[in-house]
Amino acid sequence: MALTAVLRLPARALLRPWALLRGVALGRTEAAAGIRNGARRFGSQHVLVEPAAAAGVAVMKLRNPPVNSLSLELLTELVISLEKLENDKVFRGVILTSDCPSVFSSGLDLRELCGRNPARYAEFWKAVQEMWLRFYLSNLVLVAAINGACPAGGCLLSLTCDYRVLADNPKYLMGLNETLLGIVAPFWFKDSIMNTIGHRATEQALQLGSLLPPAEALQVGMVDQVVPEDQLLSTALSVMAKWLAVPDHARQLTKSMIRQATADRLLKQRDADIQNFVSFISKDAIQKSLQTYLEKLKQKKG
Ligand SMILES: CC/C=C\C/C=C\C/C=C\C=C\CC(=O)SCCNC(=O)CCNC(=O)[C@H](O)C(C)(C)COP(=O)(O)OP(=O)(O)OC[C@H]1O[C@@H](n2cnc3c(N)ncnc32)[C@H](O)[C@@H]1OP(=O)(O)O
């Protein structure tokens, strides 16, 4: 970025050099680098963050086309983006949504689970854990505006949020469908869903690998609201306003009181959980099962 362009930027942009550096790294213009109509904006390759119309609220959009699969890069960028927002005292709430049409997130990137070496599996799983821990324990209010299909790891990501609004479209199926892939959701996936929908509903949803349409997701409590698609963002903003009306310190301590024990279960055994994952995913039978599933997905179009 030329010096003259830097000098034209508002002072507050200069106080947040990461926003500018990101823009420079991506070779983008001044507007895309952080300043548009006086509002800050930043992004990475797979995550776009922009201020919402409401004060103190950012909209974080996943953009890893075509289906927002959670690759190592996307997971890492999600955590970095959240951390930036947490460190920027302007922001108190985040609306998490998708920039890809009809898919919120297709879950963990299946290419990360197939044919890699143990070190790469371990690195990937550490990033999945990190994403879950950081989002689950975030001090910010997180509202998921689910504007598409939301299976497996996508559902997990939404379950880290404080509130979920789902757009009313019968194609937007949601749930932890791991068993249908021949894999087992780890205990912290199970804890996340059980804390949300309860014990009995989890017994069914997790064993059956249920992918629920909006009305059923609402009925079981997997989402808090189902709204017409064109009202998704405005609803998320209204919900956010209600949550932000509560003093931050009281809400944050209360959230931590409710969630910390669940997070601690993983924190106490992160390395063992990584080892479990690596040995499970490396088994020939599991690899075969995942390859077959991926093939079927690819053939679906033909
Ligand atoms: C004892 C226990 C110890 C340890 C724990 C062990 C194991 C736990 C391990 C793993 C946990 C994993 C959780 C997961 O998240 S696995 C991912 C599961 N995801 C899914 O099942 C969703 C699959 N995708 C779909 O159903 C659909 O794609 C869709 C509904 C999201 C979107 O449908 P569309 O019709 O819009 O798009 P498609 O044509 O189907 O897809 C386009 C394109 O994208 C590819 N793709 C889809 N999903 C994924 C994915 N998750 N990863 C990578 N790639 C994906 C799809 O194949 C198409 O590719 P091509 O264009 O054909 O190349």
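Under an unreviewed UniProt entry, the name given to the protein is Enoyl-CoA delta isomerase 1, mitochondrial, and the organism recorded is Sus scrofa. Under Pathway (unreviewed entry), UniProt gives the following word-for-word description of the protein: "Lipid metabolism; fatty acid beta-oxidation." Taken verbatim from the UniProt record of the protein, the Sequence similarities (unreviewed entry) comment is "Belongs to the enoyl-CoA hydratase/isomerase family."

Engineer: Give a detailed account of the sheet that holds strand β9 (residues 163–167), specifying residues and quantitative values.
Structural biologist: Consider a sheet: its strands pair through backbone hydrogen bonds, and that pairing is either parallel or antiparallel. The sheet built from 7 strands is open, its strands ordered β3-β4-β5-β6-β7-β9-β11 with mixed pairing. The open sheet has two edge strands, β3 (42–43) and β11 (225–227), and neither has a second partner. In this sheet, strand β4 (residues 47–51) lies alongside β3 in antiparallel orientation, the contact comprising 2 bridges. The residue of β4 that forms the bridge with Phe42 is Val49.

Engineer: Could you give me a rundown of the site of the ligand, with the residues and numbers involved?
Structural biologist: Around the ligand, a shell composed of 30 residues is seen, among which Ser106, Gly107, Leu108, Ala152 and Gly153 lie nearest. No other element matches the 4 residues that helix α14 (residues 270–282) contributes to the shell around the ligand. Taken together, the residues of the shell around the ligand break down into 17 nonpolar, 7 polar and 6 charged.

Engineer: Give me the lowdown on helix α15 (residues 284–299), citing residues and values where you can.
Structural biologist: Along its 16 residues, α15 runs 22 Å from first to last C-alpha, staying within 8% of the 22 Å computed at 1.5 Å per residue. In terms of burial, α15 is a largely surface element, 0 of the 16 residues being buried.

Engineer: Run through the nonpolar core, naming residues and quoting values.
Structural biologist: Core analysis: the largest hydrophobic core is formed by 72 residues, its most contacted members being Val143, Ile146 and Val165. Per element, the largest residue contribution to this core is 8 residues, and it comes from helix α7 (residues 118–136). Beyond its immediate stretch of four places on either side in the chain, Val165 contacts Val143, Ala144, Ala145, Ile146, Val223, Asp224, Gln225, Val227, Leu232, Thr235, Ala236 and Val239.

Engineer: Quick one: what's the story with the confidence of the model for the protein, residue by residue and with numbers?
Structural biologist: Taken over all residues, the pLDDT of the protein has a mean of 89, while the share at 70 or more is 86%. Both confidence scores are given for the complex: pTM 0.90, ipTM 0.98.

Cut-offs applied
Numbering of residues begins from 1 in every chain and follows the order in which that chain's sequence is written. Only residues with pLDDT of at least 70 are given local features in this predicted model, and only at 80 or more are side-chain atom pairs given and counted; all residues enter the totals for whole chains, interfaces and linings. UniProt positions are given in the numbering used here, feature names are shortened, and annotations may be inferred rather than shown by experiment. Here, strands pair whenever DSSP counts at least two bridges between them. Think of it this way: any DSSP run of H or I at least four residues long counts as a helix, any run of E at least two long counts as a strand, and we number them from the N terminus. Each residue receives a C-beta atom placed from its backbone. It is near a molecule or strand if this atom lies within 6 Å of it. Three residue categories are used. Nonpolar comprises Ala, Val, Leu, Ile, Met, Phe, Trp, Tyr, Cys and Pro, charged comprises Asp, Glu, Lys and Arg, and polar comprises the others, including Gly. A helix is expected to reach a length of 1.5 Å times the quantity of its residues less one. In this scheme every C-beta is placed from the backbone, and a residue whose C-beta has 20 or more other C-beta atoms within 10 Å is buried, one with 12 or fewer is exposed, and one in between is partly exposed. To count as a nonpolar core, a set of buried Ala, Val, Leu, Ile, Met, Phe, Trp, Tyr and Cys residues must be joined through C-beta atoms within 7 Å. Think of it this way: build a C-beta for each residue from its backbone, and any pair within 7 Å is a contact. A residue's pLDDT is the predictor's confidence in that residue, given on a scale from 0 to 100.

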